[in-house]
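Letter by letter, the chains look like this.
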Amino acid sequence: MKVLIVEDDHNFAKMLKDSFLAAGHKVKLLFDGKQAVNFLNKSIPDIIVLDFFLPGHNGVELVHELKSYTDTSEVKVYLYSAHASQIENVPKGIISIDKTKVTPKELAAYASP
Amino acid sequence: MKRVDELQSSQLFDNAAFMAAAHDLKVPLATIRSIVLDSDKTAAKLHEEYQKIGQLSDQALAMVSDMLSVYKLQASQQELPLTPVSANNELRFAVNQAKLFDKLNSRRLKVEYLPKRELSLILGDQYFLRRCFSNLLGNSLKYSDPRTKVVAKIFATDEYISCQIADNGPQIMDDDTAALEGELSTGSTKRSAGNSGLGLLLTGEMVRLMKGSVSVDSGNSGNFITIDLPRVRQQALF
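Just so it is clear, the model here is predicted, and its values are computed rather than measured. (Residues numbered from 1 in each chain as written. Chains lettered and ligands numbered in written order. Predicted model: local features only at pLDDT ≥ 70, side-chain atom pairs only at ≥ 80, totals over all residues. Heavy atoms only, no water.)

### Digging into the overall build of chain B
Next up, step 1: Looking only at helices and strands, one finds seven helices and seven strands in chain B.
Next up, step 2: Ordered by position from the N terminus, the helices and strands of chain B form the series α-α-α-β-α-β-β-α-β-β-α-α-β-β.
Next up, step 3: Sorting the 238 residues of chain B into buried and exposed places 46% on the buried side.
Next up, step 4: In chain B, the proportion of contacts linking residues at least 24 apart, taken out of those at least 6 apart, comes to 72%.
Next up, step 5: Within the structure as shown, chain B displays about 13,200 Å² of accessible surface, and the carbon and sulfur contribution to it stands at 54%. (Helix = DSSP H or I, 4+ residues; strand = E, 2+ residues; numbered from the N terminus. Buried < 20%, exposed > 50% of the residue type's maximum accessible area, 1.4 Å probe, protein only. Contact = heavy atoms within 4.5 Å. Areas by Shrake-Rupley, 256 points an atom, 1.4 Å probe, with all protein chains shown as cover.)

Here's what the structure looks like:
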């Protein structure tokens, strides 16, 4: 599956990428919201994993942006943040996951069919 | 003083700095946890991962120390004792720390010290000055385009020693400028630069406790953060 990861913390980004690659997925890694919006204009992935605090757009804004495109009903979106339990206005259908409780490897396993 | 359990929970959680601290400390700790639990157990990889854990722990500990130091002074309303400190030396220390923490990224760093013939002494606090430089260098290296340079420069006027960190990264958001100037935005989801701005808030506070000032100039030609600190002239030392 095609996975888009949007994570500005480079340590965490690398761990996420490695975990999803090891789980057999194709991965696109981006570091800020603006890059993600530009990418989504050209290609819609199967899975999106994104942090909440991002340069450019925060995670929830990105998801709202995604909803404005056609053909996104099949995209699974995981909001993966250390702030997961405090985030408000998370759109319906987005799975909010606490970074302090779920490792990248566990997330990759959970997100894989 | 009220005990923590006597305080309304809303009093604690309305405090933007508290929330910011909680987030900024959780991130390195979550990373450490993930490294430990997900690690590849081969010897070579473990060594690299233990180094990373050490660096992340240092980062989190430094943040906590900064918060406690600033809070202690503000709560006691005492003046920070100021002594002559060499800006050149403390910048050198921060640069070396940056190189240890992030060897690859720190190759982008270009540094211009004040010439030796000029005294780079400021009236300040060695720990605070070091932390200010570390915070600003760290932010610039982390958030600016990896293909561009980060320039740290010390220069002097009659009254001040100034240190400027310049990069070609994305424009510094209003939230970060406000944090340097002493305002942490409250209740907003529009955090800038991928973090809560706590490091920049603390930097701004430390500079003000040293009777200095911070200015931010951010636009199409790049970002320039300048710290101005009172200069110690040579005759004043004797």
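That was the structure; now back to the text.
### Structural notes on the interface of chain A and chain B
Next up, step 1: Between chain A and chain B, the contact holds 23 residues from the first and 21 residues from the second.
Next up, step 2: When chain A packs against chain B, close to 2,100 Å² is buried across both sides, 57% of that on carbon and sulfur atoms.
Next up, step 3: Inspection of the region where chain A meets chain B yields zero salt bridges.
Next up, step 4: At the boundary of chain A with chain B, the tally comes to five residue pairs in polar contact (both at pLDDT 80 or more).
Next up, step 5: A per-class count over the side of chain A that touches chain B returns nine nonpolar, eight polar and six charged. (Buried area = accessible area lost by both parts, 1.4 Å probe. Salt bridge = Lys/Arg side-chain N within 4 Å of Asp/Glu carboxyl O. Polar contact = N/O pair within 3.5 Å; in protein donor to acceptor, adjacent residues only side chain to side chain. Nonpolar A, V, L, I, M, F, W, Y, C, P; charged D, E, K, R; others polar.)

### A short note on the pattern of salt bridges
Next up, step 1: One pass over the structure, following the stated rule, counts nine salt bridges over all chains.
Next up, step 2: Between Lys99 of chain A and Glu7 of chain A there is a salt bridge; the shortest N-O distance is 2.8 Å. On the criterion of sequence distance, the pair formed by Lys99 of chain A in the loop between strand S5 (95-98) and helix H4 (104-111) and Glu7 of chain A in the loop between strand S1 (2-6) and helix H1 (10-22) is long-range, its members being 92 residues apart.
Next up, step 3: You can call Glu7 of chain A buried: its relative accessible area is 1%.
Next up, step 4: Residue Arg130 of chain B is joined to Glu90 of chain B by a salt bridge in which the shortest nitrogen-to-oxygen separation is 2.6 Å. One end of the pair, Arg130 of chain B, is in helix H5 (residues 126-143); the other, Glu90 of chain B, is in helix H4 (residues 87-101), with 40 residues separating them in the sequence.

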